[in-house]
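Breakdown of the fold
Here is what each chain is made of, one letter per residue.
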Amino acid sequence: MDQSLQAARTGFSGTGVSVDQRNRVLRNTYWLLALSMVPTVLGAWLGVSTGITRSMGVGMSAIVFLAGAFGFIYAIEKLKNSAAGVPVLLAFTFFMGLMLSRLIGSVLGLNNGAGLIMTAFTGTGLIFLGMASLSSVIKRDLSAMGKWLFIGAIMLLVAGLANIFLQSSALMITIAVLAIGIFSAFILYDLKRVQDGEETNYITATLGVYLSLYNVFQSLLAILGFAGSNDD
C-alpha cells in the first residue's frame, strides 16, 4: 500500500508522530507565540520610557544583546522539557523587547514615527500569515533549506557586527533586506518542520519562529526608520 495513504489512514506521518500530536504542537506554538508578544511589548515600553538602552553605547549594547540572547537561548533549550521552559522563554522575549527599545525610540522621534512602527508591525504580520499559509499547503521536503538558512544567518550576524565599526548606511539597508528574506524563509522552514512531525517540542518551535519574527520586524523598522529620517 502507498505509504502516504497508509499514513493518512493510521493518522501517523513518516516520522512516527501522530497527526493529533503534530496539530497539538502547532497549536501550542501559535498560542505561546501570541503570548510572547506581551512581554516583548512590555520590555520595549520599559526601555523607551526609562531610556535604559540609550545609556549604553552601540558596542556595549551589542555585547549585552549577544550575551543575553545566547544565554537565554541556551537556558531555554536546557529547560524546554520542564515546567520552567515557558517562563524562561517569556523572560527572554521581555529581554528582546528591552533591547529593541533603542531602535523603537529613535523611530518614535521621527515624523509619523508611530505610523512607521505600525507599518513594520503590519508588514511582519502579513509575512507571518503568508509563510504560515504556505507551510500548510507546500508538500515538498524543506529539510535541505535549514543548512543554507543557518549559513545565511551567520553571515548576516558577522556583517552586522562589522557594520558597528563601518557605520555604512548602504550595508545596513542591504543587511536588513537580506534579513527579511532569510528570516521569512526561516518561518516557513520552522512551521513546516512542526507540521511534518520533525519538531515535537512547542517551546523550541516557538523560540525559532519568534526569533525570525523579531528579526523581520527589526529589519523592516530599520528600513522604514532610515527612509523616514531622510524625509525629515
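Residues numbered from 1 in each chain as written. Predicted model: local features only at pLDDT ≥ 70, side-chain atom pairs only at ≥ 80, totals over all residues. Heavy atoms only, no water.

Bringing the overall build of the protein into the picture now. Tallying secondary structure elements over the protein gives eight helices and zero strands in all. Over its C-alpha atoms the protein spans a radius of gyration of 19 Å, differing by no more than 12% from the 17 Å that the globule rule assigns to 232 residues. For the protein, the spread of C-alpha atoms along the principal axes amounts to about 65 × 35 × 30 Å. Buried residues in the protein amount to 41% of all 232 residues. For the protein, restricting intrachain contacts to residue pairs at least 6 apart in sequence, the fraction spanning at least 24 positions comes to 82%. (Helix = DSSP H or I, 4+ residues; strand = E, 2+ residues; numbered from the N terminus. Rg over C-alpha atoms; globule rule 2.2 N^0.38 Å. Buried < 20%, exposed > 50% of the residue type's maximum accessible area, 1.4 Å probe, protein only. Contact = heavy atoms within 4.5 Å.)

Next up on the list: the packing of aromatic side chains. Applying the stated criterion to the full structure yields seven aromatic pairs. Here Phe72 and Phe95 contribute two aromatic rings whose centre-to-centre distance is 5.7 Å and whose plane-to-plane angle is 40 degrees, an arrangement assigned as tilted. Taken together, the positions of Phe72 in helix H3 (residues 58-79) and Phe95 in helix H4 (residues 85-108) put the pair 23 residues apart, joining distant regions of the chain. Residue classification places Phe72 among the partly exposed positions, given a relative accessible area of 24%. Judged by relative accessible area, which is 12%, Phe95 ranks as buried. On the basis of an interplanar angle of 65 degrees and a centroid distance of 6.1 Å, the ring pair of Phe92 and Tyr210 is categorised as edge-to-face. With Phe92 in helix H4 and Tyr210 in helix H8 (residues 202-231), this pair connects stretches of sequence that are 118 residues apart. In this structure, Phe92 and Tyr210 share a single accessibility class: buried. Taken together, the ring pairs in this structure connect Phe72, Phe92, Phe95, Tyr210 and Tyr214 into an aromatic cluster. (Phe/Tyr/Trp six-rings, centres within 6.5 Å; stacked < 30°, edge-to-face > 60°.)

Let us now look at helix H6 (residues 145-166). In a regular helix each residue adds 1.5 Å, so 22 residues correspond to 32 Å; H6 covers 31 Å between its end C-alpha atoms and thus fits that length. Listed as buried for H6 are Gly146, Leu149, Gly152, Ala153, Leu156 and Asn163. Buried residues of H6 fall within an arc of 120 degrees about the axis and therefore sit on the same side. Structural note: H6 exposes Lys147, Trp148, Phe150, Met155, Val158, Phe165 and Leu166 on the side pointing more than 90 degrees away from its buried face. (Expected span 1.5 Å × (residues − 1). Arc of directions from axis to C-beta.)

Before going further, it helps to spend a moment on the environment of Leu79. Looking at where Leu79 falls in the secondary structure, it is placed in helix H3. A residue is classified by how much of its surface remains accessible, and Leu79, at 29% relative accessible area, is partly exposed. Sequence-distant contacts of Leu79, that is, excluding residues within four places in its chain, are made with Ala84, Gly85 and Val88.

Let's shift gears to the pattern of salt bridges. Inspection of the entire model under this criterion finds four salt bridges. Where Arg193 meets Glu199, a salt bridge forms, and the shortest distance between an N and an O atom there is 3.4 Å. Relative accessible area serves as the criterion here: at 14%, Glu199 is assigned to the buried category. Salt bridges here are not isolated pairs; linked through shared partners, they connect Arg193, Glu198 and Glu199. (Salt bridge = Lys/Arg side-chain N within 4 Å of Asp/Glu carboxyl O.)

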